[in-house]
Amino acid sequence: MSARKGVPTAGGGKGGEKGGGSVPGPTTPKPTIRNVAERAGVSKSLVSLVMRGSPHVSERRRQAVLKAARELGYRPNAVARSLVEGRTRLIGAIVADLHNPFFAEFLDGLQESLHGEGLRMLVGSGRWDPLFEAEAVEAFLEMRVDGLVLLSVVPDSLQEAAASVPVVVVGERDVAGVDIVVDDDELGASLAVDHLVRLGHRRIAHIEGAPSTTARYRRAGYESAMRKHGLADQIVVEPGDFTEEGGYRAARSLLSRPDRPTAIFAPNDLVATGALSAADELELRVPADVSIVGYDNTHLAAIRHISLTSVDQPRRDMGRIAAEMLCARIGNPHREPKQKLVVPHLVVRSTTGPAPTL
């Protein structure tokens, strides 16, 4: 049977007089790990160690292998390697909000430590929605990740996931059967209130974060500290979330009251920046008319024209701790779950000052 017009024949010629276009030549075989080993003058097993990021290779040999791989255009076959090793060396990290710098700074610490263990990080966002969280968890499980780090709302399906892969939860306490890294949120809230009381504030309000144990513990710390200072009758909690827009709305409501607070304790730095915008819009001076304290001490807080007083939780350290706990769990899946509590401290900047006379 003759070839159709315009369709290349098996021999590479044109199938008819009206056929057009050049025919690709034979493809160049992809370089193999054997080619890299021969070029670098090392064994295939050493090349494999280098490609896995093993620390047990001298720098001289590592560079020789990487140079040979670059020259040959070699890329390791991750799928084939995962089939041989029975693992993908991928870790799924799920955060609640990619817009919040706290999560970005946490991920820096997590990725740095995972990289040192030859692991790669994939990131997903749950958007403070349990449904999105569950979908992200399922997607990572389908990719056969070696472990999960969850820094967000905990979906109901997490227990099922933890039965198949190592899991570390960050920021949430009330999760059974998994390793946990958490900030002492009650202490952090107390540090904020203590600071404001020392400045003479009595009408100190709190904007509550989105439903989570983090928000619950920060509210509990605020209320406990207010009662400790004899200010139980001054406790005011405004519903909110963990976003800048949520902080703006909540602060507008608080600062428009006839008995407006002289200080606001926000559940994170994004909410605090929203509160700063609300104060500015209402022509209130910070800190002369109202003091504002954030939480997390992200890079936003240190920007000079913001200069936000904020409770610092060591987010990069928390990322590194999460990586260590996850690697320990991968190495020993049956060990008892552990909880690591990190200690916050207050960083005082320009958004807090003496209470005004009202």
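To be clear, the structure that these remarks concern was listed above.
Now for a look at the structure at hand. Note that this is a predicted model, so its numbers are computed, not measured.

1. Description of the pairing of strand β2 (residues 120–125)
Relative to β2, strand β1 (residues 90–95) runs parallel, the two being bridged by 6 bridges. Residue pairing for β2: I91 is matched across the bridge by M121. As for the winding sense of the linkage, the β-α-β connection from β1 through helix α5 (residues 101–116) to β2 is right-handed.

2. Side note on the sheet that holds strand β4 (residues 167–170)
As summarised here, the arrangement of the 6 strands in space is β2-β1-β3-β4-β5-β11, forming an open sheet in which the pairing is parallel. Two strands in the sheet have a free side with no partner beyond their single neighbour: β2 and β11 (339–342). Looking at each pair of strands side by side, their axes are set apart by 15 degrees on average, direction ignored. Bridge analysis of strand β3 (residues 147–151) against β4 gives 3 bridges, and the strand direction is parallel. Opposite L150, over in β4, you have V169 as the bridge partner.

3. As for the sheet that holds strand β8 (residues 263–265)
Taken in spatial order, the 6 strands make up an open sheet running β7-β6-β8-β9-β10-β12, and their pairing is mixed. What marks the edges here is a single partner per strand, and that holds for β7 (236–238) and β12 (345–347). For this sheet, the mean angle separating the axes of adjacent strands, direction not counted, is 25 degrees. Alignment of β8 against strand β9 (residues 291–296), held across 3 bridges, turns out to be parallel. If you follow F265 over to β9, its bridge partner there is V293. Helix-sheet contacts for helix α9 (residues 213–228) involve β6 (204–207), β7, β8 and β9, and the interaxial angle to β6 is about 170 degrees.

4. Observations concerning the packing of helix α10 (residues 244–255) against helix α11 (residues 269–281)
The interhelical angle for the contact between α10 and α11, taken along N-to-C directions, is 45 degrees, at an axis separation of 7 Å. For the element pair α10 / α11, the angle class is oblique. Considering only the axes of α10 and α11, their crossing is right-handed. Here α10 contributes E244, G247, Y248, A251, R252 and L255 to the contact with α11, which in turn contributes L270, V271, T273, G274, A275, S277, A278, A279 and E281. Its residues assigned to classes, the contact of α10 with α11 shows 8 nonpolar, 4 polar and 3 charged.

Rules of the game
- Residues numbered from 1 in each chain as written.
- Predicted model: local features only at pLDDT ≥ 70, side-chain atom pairs only at ≥ 80, totals over all residues.
- Heavy atoms only, no water.
- Pairing = 2+ DSSP bridges.
- Helix = DSSP H or I, 4+ residues; strand = E, 2+ residues; numbered from the N terminus.
- Right-handed = clockwise from strand over helix to strand, strands pointing away.
- Axes fitted to C-alpha atoms, helices over the stretch in contact; angles between N-to-C directions.
- Contact = heavy atoms within 4.5 Å.
- Parallel < 35°, antiparallel > 145°, perpendicular 65-115°, else oblique.
- Left-handed = near helix turned anticlockwise from the far one by under 90°.
- Nonpolar A, V, L, I, M, F, W, Y, C, P; charged D, E, K, R; others polar.

By themselves, these observations are geometric and do not establish any function.
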